[in-house]
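Residue-level listing of the chains:
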Amino acid sequence: MERKITKYLFEWKNSQYRKPLILQGARQTGKTYSILAFGREQYANVAYFNFETTPSLIKTFDESIEPANLIPLLSRICKQTIIKEKTLIVFDEVQLCERALTSLKYFYELAPEYHVIVAGSLLGVAVNREAFSFPVGKVDIKTLFPMDMEEFLLAFGEQELATQIRECFETDTPMPAALHDAALSYYRQYLVVGGMPECVEKYISTKDFILLRHTQSLILESYLNDMSKYNKDNEIKKTRLVYDNITVQLSKKNTRFQYKLIKTGARAAEFENAIEWLALSGIVTRIHRVEHPTKPLENYRDIDSFKIYVSDLGLLCAKKNVVVEDVLFHSGEIDDFKGGMIENYVCGQLTTNGYPCYYWMSDRGAEVDFVIQRDGKVIPIEVKSAENTKAKSLTVYIDSYKPAYSVKLSTKNFGFIDGKKTVPLYAAFCL
């Protein structure tokens with residue numbers, strides 16, 4: 001399946017400023033597959049080392065970690081000749097070997113002619129909460145997220161449809177009705193399947209929702225195992241409580257995270273480390289309220305008001321045991337959850353495509369779902385789950401801050417009227 005990360009990896013390989021690359025992200029987002037596929041295509045050979053499946057590798061880094069000492073040992077272990085510029089060296093699950101991560105500093109300083117990529121599912125947790133000696137300034141860092149809607153379309157062989165969507169987005173020209181309906185059908189399937197590559201692959205090959213849900217359940221179980229394996233003992237239960245509670249939070253009319261919904265009497269001090277662990281692991285995305293939608297948005301972040309979304313929408317539906325037919329055929333039985341689910345979808349599309357997201361709320365309760373910086377401008381984004389695009393809160397925002405334009409995401413076709421850009425939900429990736 002085609003992934004956008006491949007373009008980044010190609011640019012990294014050919015950059016004169018290339019450093020060892022850390023590719024991080026949640027489990028099952030396709031890090032290892034993308035790296036190895038790229039390596040096989042672009043290099044003479046790949047020297048692959050996995051610290052989880054081969055724990056004895058860790059001992060290799062107990063002594064000198066300078067490249068001159070490491071390369072002969074690594075070459076012997078993988079039974080391949082490691083050649084400058086022609087071999088891709090891959091360290092997988094690197095969070096299990098602190099010294100391997102530290103060695104990247106020496107690859108950068110002493111042997112930049114070797115191409116090195118390391119991958120880790122919980123690097124954010126390990127680096128921020130353990131005694132890692134992180135090679136600051138000596139590495140490139142990239143995060144791989146689940147497949148977005150465009151990659152989902154490409155996986156189905158719908159290159160022409162994806163291209164048409166981008167053209168209509170740029171020109172604000174409505175999609176032909178038949179193509180609009182086809183894109184909406186794929187969008188509703190994406191809500192159920194999500195963007196985990198294994199789930200997408202199994203759905204495309206089988207169209208079996210039972211098998212899909214089983215695969216998603218296994219991924220969810222691996223996340224729970226990670227919470228126990230890579231967390232402090234006194235934080236495990238709290239982390240699971242927060243994670244289990246996210247679907248409850250997203251079912252509320254106000255999706256702002258509320259500690260009292262976790263348990264009676266819950267306070268920030270009790271659960272802030274658990275929330276941080278989930279965010280650093282890539283399992284969830286946390287977005288904060290912005291008090292004043294002014295550049296730079298980060299300067300006006302309210303650290304006490306935030307929302308939490310699950311990184312993959314398919315896993316969210318599986319976790320909540322959403323009935324597939326209720327999503328595909330617009331059942332009113334999930335109306336309470338639908339708003340939060342669609343917000344989660346949009347957050348995923350924006351985050352995957354590089355936007356730090358915020359939301360805005362006035363003192364009187366008017367709320368805009370997302371605020372981003374795009375092309376040097378602060379843009380408000382209102383999200384609706386159906387064709388109803390009446391947005392009183394967006395009007396309040398526009399009257400107050402006079403943005404260059406605003407975006408309304410719904411199931412309506414493309415258009416642009418009075419400074420409001422109407423974008424179908426399936427085209428959120430175009431932003």
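Our subject in this report is the structure included herewith.

Here is what the cut-offs are and how they apply
- Residues numbered from 1 in each chain as written.
- Predicted model: local features only at pLDDT ≥ 70, side-chain atom pairs only at ≥ 80, totals over all residues.
- Heavy atoms only, no water.
- Helix = DSSP H or I, 4+ residues; strand = E, 2+ residues; numbered from the N terminus.
- Expected span 1.5 Å × (residues − 1).
- Buried < 20%, exposed > 50% of the residue type's maximum accessible area, 1.4 Å probe, protein only.
- Polar contact = N/O pair within 3.5 Å; in protein donor to acceptor, adjacent residues only side chain to side chain.
- Contact = heavy atoms within 4.5 Å.
- Pairing = 2+ DSSP bridges.
- Axes fitted to C-alpha atoms, helices over the stretch in contact; angles between N-to-C directions.
- Core = buried A, V, L, I, M, F, W, Y, C linked by side-chain atoms within 4.5 Å.
- Salt bridge = Lys/Arg side-chain N within 4 Å of Asp/Glu carboxyl O.

**Here's the deal with helix 4 (residues 98-110)**
For an α-helix, the turn length of 3.6 residues means that residues three or four places apart are oriented alike. The end-to-end C-alpha distance of helix 4 is 19 Å, a good match for the 18 Å that 13 residues give at a rise of 1.5 Å each. Taken together, the buried positions of helix 4 are Ala-100, Leu-101, Thr-102, Ser-103, Leu-104 and Phe-107.

**Let's talk about the side chain of Asp-92**
Locating Asp-92 in the fold gives a position in strand 3 (residues 87-92). A distance of 2.6 Å separates the side chain of Asp-92 from the side chain of Tyr-48, its partner in a polar contact. Not counting residues within four places of it along the chain, the set of residues in contact with Asp-92 comprises Thr-32, Tyr-48, Phe-49, Asn-50, Phe-51 and Ala-119.

**Quick notes on the sheet that holds strand 3**
Here we have 5 strands laid out as an open sheet, ordered 2-3-4-1-5, and parallel in their pairing. Sheet topology places strand 2 (45-50) and strand 5 (140-143) at the edges, where each strand pairs with a single neighbour. Averaged over all adjacent pairs, the angle separating strand axes in this sheet is 20 degrees, with direction ignored. In terms of strand pairing, strand 3 meets strand 4 (residues 115-120) through 4 bridges, oriented parallel. The partner of Phe-91 across the bridge, within strand 4, is Val-118. On the sheet, helix 2 (residues 31-42) packs against strand 1 (21-24), strand 2, strand 3 and strand 4 and is oriented at approximately 155 degrees with respect to strand 2.

**A short note on the nonpolar core**
Membership of the largest hydrophobic core comes to 92 residues, with the highest contact counts inside it found for Met-149, Ile-165, Tyr-243, Tyr-345, Phe-370, Leu-409 and Tyr-426. With 8 residues, helix 8 (residues 177-193) is the largest single contributor of residues to this core. Residues within four places of Ile-165 in sequence aside, it is in contact with Leu-153, Met-175, Ala-183, Phe-414, Tyr-426, Ala-427, Phe-429 and Cys-430. Grouped together as the second largest cluster of nonpolar side chains are 26 residues, Ile-82, Ala-100, Tyr-114 and Val-118 included.

**Examining the pattern of salt bridges**
In this structure the tally under the stated criterion is 20 salt bridges. Close ionic contact of Glu-109 with Lys-138 constitutes a salt bridge, the shortest N to O distance being 3.2 Å. With Glu-109 in helix 4 and Lys-138 in the loop between helix 5 (123-129) and strand 5, the pair connects residues that are 29 residues apart, well separated along the chain. A residue is classified by how much of its surface remains accessible, and Glu-109, at 37% relative accessible area, is partly exposed. Residue classification places Lys-138 among the partly exposed residues on the basis of a relative accessible area of 23%. Here the residues in one salt-bridge network are Arg-27, Glu-52, Glu-93, Asp-226 and Lys-229, joined through shared partners.

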